[in-house]
Amino acid sequence: RVNDPRMLAVALEGLENILSAGEKNFKTETGENYFAIVMETQGCIDDLEQLQQHPNHNIYQQALKIIDKYFSDE
């Protein structure tokens with residue numbers, strides 16, 4: 001596992017960019033974000049939830065923002 005807050009912040013920023021692109025350009029036939037579905041089926045939400053326990057407040061905030069924005073209805 002990566003624990004360096006700088007690396008995690010960059011990874012979370014990239015993840016948010018991917019989910020944002022999915023929201024804009026990659027919807028399923030039912031209007032769902034394709035990338036969010038893939039992340040959910042691969043267990044990535046569990047990893048994001050674990051990052052909410054990270055000692056670095058910025059990492060916690062980034063993870064929370066992604067969960068709230070892309071997975072809040074689950």
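This one's a predicted model, so the numbers in the text were calculated from it and none came from an experiment.

Caption draft 1: Inspection of the overall build of the protein chain at higher detail. When you go through the protein chain residue by residue, the secondary structure sums to four helices and zero strands. What you see for the protein chain is a C-alpha radius of gyration of 12 Å, in line with the 11 Å of a compact globule of 74 residues. The buried share among the 74 residues of the protein chain stands at 24%. Counting contacts in the protein chain only where the partners sit at least 6 residues apart, residues at least 24 apart contribute 54% of the total. If you sum the accessible surface of the protein chain, you get close to 5200 Å²; carbon and sulfur atoms cover 51% of it.

Caption draft 2: Up close: the packing of aromatic side chains. Applying the stated criterion across every chain, the model contains two aromatic pairs. Ring geometry for F26 versus F35: centroids 4.9 Å apart, planes at 45 degrees, classification tilted. According to the relative accessible area criterion, F26 is partly exposed, its value standing at 41%. With 5.9 Å between their ring centres and 65 degrees between their planes, Y34 and F35 make a pair best called edge-to-face. The class of Y34 is partly exposed, set by a relative accessible area of 44%. Here F35 falls in the partly exposed class, since its relative accessible area comes to 23%.

Caption draft 3: Structural view of a nonpolar patch on the surface. Residues F26, Y34 and V38 make up a contiguous nonpolar surface patch of about 270 Å² in total accessible area. A relative accessible area of 33% places V38 in the partly exposed class.

Caption draft 4: Molecular detail of the environment of D4. Looking at the element boundaries, D4 is found in the segment before α1 (5–25). With relative accessibility at 26%, the residue D4 sits in the partly exposed group. Along the primary structure D4 and N56 are separated by 52 residues, whereas in three dimensions their C-alpha atoms are 9.6 Å apart.

Criteria and cut-off values
Residues numbered from 1 in each chain as written. Predicted model: local features only at pLDDT ≥ 70, side-chain atom pairs only at ≥ 80, totals over all residues. Heavy atoms only, no water. Helix = DSSP H or I, 4+ residues; strand = E, 2+ residues; numbered from the N terminus. Rg over C-alpha atoms; globule rule 2.2 N^0.38 Å. Buried < 20%, exposed > 50% of the residue type's maximum accessible area, 1.4 Å probe, protein only. Contact = heavy atoms within 4.5 Å. Areas by Shrake-Rupley, 256 points an atom, 1.4 Å probe, with all protein chains shown as cover. Phe/Tyr/Trp six-rings, centres within 6.5 Å; stacked < 30°, edge-to-face > 60°. Patch = residues over 30% accessible without salt bridge, like charges linked within 9 Å, V, L, I, M, F, W, Y side chains within 5 Å. Salt bridge = Lys/Arg side-chain N within 4 Å of Asp/Glu carboxyl O.

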